[in-house]
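Here are the chains, one letter per residue:
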Amino acid sequence: MTSWEYASVITANDAESQRAGVSVKLPNGKLERQQGDTSSVLNRLGAEGWELVSYHSSGAGTWGFEQFWLKRQMS
């Protein structure tokens, strides 16, 4: 049977303050702030064998939130 592990990439953007952040939560459960933009973080995870399986976006006013769910086969 194939087993999978899951991770998520979370972004939050505030257009008024021009502040943005990208964090990654890996299977160990620790949420870690990342350097770089969303694309560079997703590309790095892709190079590590993670594949995108779901995306959600929401926001109101000047702020926005995105969450990307990724999976990879456990070895």
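Reading guide: rules and limits
Residues numbered from 1 in each chain as written. Predicted model: local features only at pLDDT ≥ 70, side-chain atom pairs only at ≥ 80, totals over all residues. Heavy atoms only, no water. Helix = DSSP H or I, 4+ residues; strand = E, 2+ residues; numbered from the N terminus. Buried < 20%, exposed > 50% of the residue type's maximum accessible area, 1.4 Å probe, protein only. Contact = heavy atoms within 4.5 Å. Areas by Shrake-Rupley, 256 points an atom, 1.4 Å probe, with all protein chains shown as cover. Lys, Arg positive; Asp, Glu negative; His and termini not counted. Charge placed at Lys NZ, Arg CZ, Asp CG, Glu CD. Arc of directions from axis to C-beta. Salt bridge = Lys/Arg side-chain N within 4 Å of Asp/Glu carboxyl O.

**Q** Explain the overall build of the protein to me, using residue names and the numbers behind them.
**A** When you go through the protein residue by residue, the secondary structure sums to one helix and five strands. Along the protein, helices (α) and strands (β) appear in the sequence β-β-β-α-β-β when read from the amino end. Referenced to the eigenvectors of the C-alpha coordinate spread, the extents of the protein come out at roughly 50 × 20 × 20 Å. Every one of the 75 residues in the protein was classed for burial, and the buried ones make up 25%. The long-range fraction of contacts in the protein, counting pairs at least 24 apart against all pairs at least 6 apart in sequence, stands at 42%. Put simply, the protein shows about 5200 Å² of open surface, and 49% of that area lies on carbon and sulfur atoms. Here the protein carries 7 positive and 8 negative side-chain charges, and the mean point of each set is 7 Å from the other.

**Q** Got a sec to walk through helix H1 (residues 38-47)? Specific residues and values, please.
**A** Among all positions in H1, only Thr38, Val41 and Leu45 are buried. Projected down its long axis, H1 shows its buried positions confined to an angular sector of 70°, all on one face. Facing away from the buried side of H1 by over 90 degrees, the exposed positions are Asn43 and Ala47. Residue glycine 49 follows H1 closely and has a positive phi angle near 100°.

**Q** I'd love a proper account of the pattern of salt bridges, names of residues and values included.
**A** Per the counting criterion, the structure on display carries three salt bridges. The salt bridge involving arginine 72 is made with glutamate 5; its shortest N-O contact spans 2.6 Å. Here arginine 72 is found in strand S5 (residues 63-73), whereas its partner glutamate 5 is found in strand S1 (residues 4-14), with 67 residues between them in sequence.

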